[in-house]
Amino acid sequence: MVEHYNLFRGLHILAVIAWMAGLLYLPRLYVYHCRAMPGGELDHTLQEMEAKLLGIIMTPASIAVLLLGLSLIWIDAQIRGWGFLLKPWMVVKLSGVVLLFGWHGFLSAARRKFASGANQRSERFWRMSNEIPFLLAIGMVLSVTTKFGG
Ligand code: HEM
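Note that this is a predicted model, so its numbers are computed, not measured.

Participant: Can you break down helix α3 (residues 88–115) residue by residue, with the values?
Facilitator: Over its 28 residues, α3 extends 41 Å from the first C-alpha to the last, a length consistent with the 40 Å expected when each residue adds 1.5 Å. Taken residue by residue, α3 has Trp-89, Met-90, Lys-93, Gly-96, Leu-100, Trp-103, His-104, Leu-107, Ser-108, Ala-110 and Phe-114 as its buried positions. For α3, the secondary structure elements touched by its buried residues are α1 (5–35), α2 (41–80), α4 (123–129) and α5 (131–146). Where α3 ends, the next residue or the one after it, Gly-117, has phi of about 70 degrees, a positive value.

Participant: Tell me what's going on with the site of the ligand, and back it up with residues and numbers.
Facilitator: What surrounds the ligand is a group of 25 residues, the closest being Arg-9, His-12, Arg-80, Lys-93 and Lys-147. Looking at the shell around the ligand, the elements with two or more residues in it are α1, α2, α3 and α5. Taken together, the residues that form the shell around the ligand break down as 18 nonpolar, two polar and five charged.

Participant: Which residues make up unusual backbone geometry, and what values go with them?
Facilitator: A positive phi angle, close to 50 degrees, is found at Lys-147, a residue other than glycine. Mapped onto the secondary structure, Lys-147 falls in the segment after α5. Its relative accessible area of 35% is what places Lys-147 among the partly exposed residues.

Participant: Tell me what's going on with the packing of aromatic side chains, and back it up with residues and numbers.
Facilitator: Applying the stated criterion across every chain yields a total of nine aromatic pairs. Look at Trp-19 and Phe-101: their rings are 4.8 Å apart centre to centre, the planes differ by 45 degrees, and that puts the pair in the tilted class. You can see Trp-19 sitting in helix α1 and its partner Phe-101 sitting in helix α3, a full 82 residues away along the chain. A centroid spacing of 6.0 Å and a plane angle of 40 degrees characterise the contact between Phe-106 and Trp-126, whose relative ring orientation is tilted. Separated by 20 residues along the polypeptide, Phe-106 in helix α3 and Trp-126 in helix α4 bring together distant segments of the chain. A relative accessible area of 26% means that Phe-106 is categorised as partly exposed. Taken together, the ring pairs connect Tyr-30, Trp-103, Phe-106, Phe-114, Phe-125 and Trp-126 into an aromatic cluster. The ring of Phe-84 is capped by Arg-80, whose NZ or CZ atom sits 5.1 Å from the centre of that ring. If you follow Lys-147 out to its NZ or CZ, it ends over the ring of Trp-89, 4.8 Å from the centre.

Participant: With reference to specific residues and values, describe the environment of Glu-41.
Facilitator: For Glu-41, the location among the structural elements is in helix α2. Each C-alpha atom of the pair Glu-41 and Ala-21 lies 25 Å from the other, and the pair is 20 residues apart in sequence.

Participant: Explain the pattern of salt bridges residue by residue, including any values.
Facilitator: This model, assessed by the stated rule, comprises four salt bridges. For Lys-52, the salt bridge is made with Glu-48, and the minimal N-O distance between the two is 3.2 Å. Of this pair, Lys-52 and Glu-48 both sit in helix α2, four residues apart, which is roughly one turn of the helix. On the basis of relative accessible area, Glu-48 is assigned to the partly exposed category, the value being 47%. A salt bridge links Arg-127 to Glu-123, with the nearest nitrogen and oxygen atoms 2.9 Å apart. Residue Arg-127 and its partner Glu-123 are both found in helix α4; the two are separated by four residues, about one turn of the helix. Given the relative accessible area of 38%, Arg-127 is considered partly exposed. Put simply, Arg-35, Glu-123 and Arg-127 are held in one network by salt bridges that share partners.

Calculation criteria
Residues numbered from 1 in each chain as written. Predicted model: local features only at pLDDT ≥ 70, side-chain atom pairs only at ≥ 80, totals over all residues. Heavy atoms only, no water. Helix = DSSP H or I, 4+ residues; strand = E, 2+ residues; numbered from the N terminus. Expected span 1.5 Å × (residues − 1). Buried < 20%, exposed > 50% of the residue type's maximum accessible area, 1.4 Å probe, protein only. Contact = heavy atoms within 4.5 Å. Near = heavy atom within 4 Å. Nonpolar A, V, L, I, M, F, W, Y, C, P; charged D, E, K, R; others polar. Phe/Tyr/Trp six-rings, centres within 6.5 Å; stacked < 30°, edge-to-face > 60°. Lys NZ or Arg CZ within 6 Å of the ring centre and 35° of its normal. Salt bridge = Lys/Arg side-chain N within 4 Å of Asp/Glu carboxyl O.

Following this line, the structure appears as structure tokens:
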């Protein structure tokens with residue numbers, strides 16, 4: 001497995017790209033959904049798009065990111081021991097991971113609310129919230145690439 005480290009790293013990054021694309025696009029659909037009349041054609045179309053984006057792309061990609069990330073942790077540990085898990089860069093990375101999964105769960109709950117016509121959040125809220133996953137990604141990517149603090 002150790003010899004496949006670079007392959008796993010590449011697959012991890014590809015899965016991250018797919019997950020991030022969904023995390024950035026879904027709130028945009030919610031912006032349009034706020035303008036749709038409940039029960040109307042646009043409402044139905046957006047419900048279907050949101051369900052597919054989450055079910056076919058985002059959730060499977062998030063699972064792939066997690067499984068490949070855990071594999072990288074396991075391989076890293078074989079090479080340099082488990083101590084790296086407590087290094088500042090890894091703590092920041094893993095904290096970002098927890099927050100990103102939390103944000104995924106929040107978006108998923110919001111989809112169910114839109115589907116039952118119970119969304120109460122504004123178009124402005126969804127437009128602004130687009131920044132959250134990208135800000136988290138900046139922290140996570142730079143922490144693994146710089147490995148600051150050792
Ligand atoms: C879901 C749980 C995740 C786990 C367990 C995880 C774990 C890891 C590990 C152990 C590495 C190798 C670090 C090293 O160079 O020693 C890595 C690399 C990387 N991770 Fe993650 N990761 C996760 C999610 C993410 C997310 C959400 C992003 C971006 C938003 C991300 C971006 C990256 C990048 C860009 C690299 C490559 C760094 C490099 O080649 O220098 N990871 N990840």
